[in-house]
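Chain by chain, the residues:
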Amino acid sequence: MKIIKLHPTNFIPLLAVPAALVLPKIGVALSPYTTWILAALLLSSFAGMKLGELATVVRHPARSMFTVLMILVAAPLAIYPIAQLLFPEFALGALLFMMLPAAVSSPAVAAIYGGNVAVATVDAVLSNLLSVLTIPLLFGLFAHESVDIGTASILRQMLLVIVLPFAVGALINRFFSKAASALHRHSRLINLGLLFFLFYAAFSPYIEVMLRSLTNLHLIMALIMTHAILHVLAKIATLGSKEESERVGILCNMILPNVGLGVVLAQHYLGAPEMIFILLSEIVWVVVVGLIHYVK
């Protein structure tokens, strides 16, 4: 039997839960700054990436585009009718979670578990950049009758937290390569720390409501079904991959969405049910990061 080494540092963001319980006022004070915390997190990730690896998409455009379309389009289209039928009060939360791009940290997770880092990097970057278009479009298509969400407002938010960090990260890579390399060496712990503060700021205003919601069996069913469907789609996305390392890279991108972006969008545009759904999905996300070997 193969023994898999766990990485306890992957669970650092979960410390946000007890921190929000013990010191909620500090987290509430940080809450207005989640956009900037997320932008800093994505800047750290983008600055550490070898953007030359994006050239690989030219050699394998069909595979990368298939994965990205599975992440950005197939996932939300799959969950929305099911959510509307079985758990309508959490349909928007599930939709938001499923339309998120891959976590920019997913290449680092793929590296830990023997995945193809180049594949994970290309797909993560592409899905994040294209989500600037798909998320406002899908919100406008599905959510316009439920909440008053301006597509232009979401687009501005996406430009701020995705495109701006990517552009600044590319400039750092181009003109300050030594600084980018140094940042890359420490980016994993930096990102885990920023995730902790992002989750801490997000959990604190909702911590008591979130804990009470754990007795809501409808919500628990919604979480289980949403993540189960995501895992099924991830398996479908890997069917055409012959190499184990490529499958792991694709799987990491599929089942590890950019939950930080979900927090910021839910906080700005949606209500408490959607926010609770995303917050609980964050906890599942951190657990999956730590145990991803057992689901691949």
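Residues numbered from 1 in each chain as written. Predicted model: local features only at pLDDT ≥ 70, side-chain atom pairs only at ≥ 80, totals over all residues. Heavy atoms only, no water.

Enquirer: So, the overall build of the chain: which residues are in play, and what are the values?
Expert: Of regular secondary structure, the chain possesses 15 helices and zero strands. Scored against the burial criterion, the 296 residues of the chain give a buried share of 52%. Within the chain, counting contacts between residues at least 6 apart in sequence, those at least 24 apart form 86% of the total. Surface exposure of the chain reaches about 13000 Å², of which carbon and sulfur atoms provide 72%. (Helix = DSSP H or I, 4+ residues; strand = E, 2+ residues; numbered from the N terminus. Buried < 20%, exposed > 50% of the residue type's maximum accessible area, 1.4 Å probe, protein only. Contact = heavy atoms within 4.5 Å. Areas by Shrake-Rupley, 256 points an atom, 1.4 Å probe, with all protein chains shown as cover.)

Enquirer: Tell me about the environment of Pro32, and name the residues and values.
Expert: Mapped onto the elements of the fold, Pro32 is located in the loop between helix H2 (24–30) and helix H3 (34–47). Taking the C-alpha atoms as reference points, Pro32 and Val264, 232 residues apart in sequence, are found 9.7 Å from one another.

Enquirer: Please give an account of helix H14 (residues 259–269) that cites residues and values.
Expert: Burial analysis of H14 places nine of its 11 residues in the buried class, which makes it a mostly covered element. Within the sequence span of H14, burial applies to Val259, Gly260, Leu261, Gly262, Val263, Val264, Leu265, Ala266 and Tyr269.

Enquirer: So, a nonpolar patch on the surface: which residues are in play, and what are the values?
Expert: Residues Met65, Leu69, Leu130, Leu133, Leu155, Leu159 and Val163 make up a contiguous nonpolar surface patch of about 530 Å² in total accessible area. Listed by contribution, the elements that provide at least two residues to the nonpolar patch are helix H5 (61–86), helix H8 (117–142) and helix H9 (151–175). With three residues, H9 is the largest single contributor of residues to the nonpolar patch. Residue Leu155 is classed as partly exposed on the basis of its relative accessible area of 31%. (Patch = residues over 30% accessible without salt bridge, like charges linked within 9 Å, V, L, I, M, F, W, Y side chains within 5 Å. Salt bridge = Lys/Arg side-chain N within 4 Å of Asp/Glu carboxyl O.)

Enquirer: Which residues make up the packing of aromatic side chains, and what are the values?
Expert: Under the criterion given, the structure shown has three aromatic pairs. With centroids separated by 6.1 Å and ring planes inclined at 70°, the aromatic side chains of Phe199 and Phe203 adopt a geometry described as edge-to-face. With Phe199 and Phe203 both in helix H10 (residues 177–203) and four residues apart, the pair spans about one turn of that helix. For Phe199, a relative accessible area of 1% puts it in the buried group. Every member of this aromatic cluster is reached through a ring pair, and the members are Phe196, Phe197 and Tyr200. (Phe/Tyr/Trp six-rings, centres within 6.5 Å; stacked < 30°, edge-to-face > 60°.)

Enquirer: Talk me through the side chain of Thr238; I want residue IDs and the actual numbers.
Expert: Examined against the element boundaries, Thr238 turns out to sit in the loop between helix H12 (217–237) and helix H13 (244–255). By relative accessible area, Thr238 is classed as buried at 9%. Among the polar contacts made by the side chain of Thr238, one reaches the main-chain carbonyl oxygen of Lys235 at a distance of 2.9 Å. Ignoring any residue separated from it by four or fewer positions in sequence, one finds Thr238 in contact with Arg247, Ile250 and Leu251. (Polar contact = N/O pair within 3.5 Å; in protein donor to acceptor, adjacent residues only side chain to side chain.)

Enquirer: Could you give an account of the nonpolar core, with specific residues and numbers?
Expert: Within soluble globular proteins, side chains that are nonpolar tend to cluster in buried spots. Grouped together as the largest cluster of nonpolar side chains are 93 residues, with contacts concentrated most on Leu96, Met254, Leu256, Leu261 and Phe277. Beyond its immediate chain neighbours, meaning those up to four positions away, Leu96 contacts Phe139, Gly262, Leu265, Ala266, Leu270 and Ile278. (Core = buried A, V, L, I, M, F, W, Y, C linked by side-chain atoms within 4.5 Å.)

Limitation: the analysis is restricted to geometry and does not speak to function.
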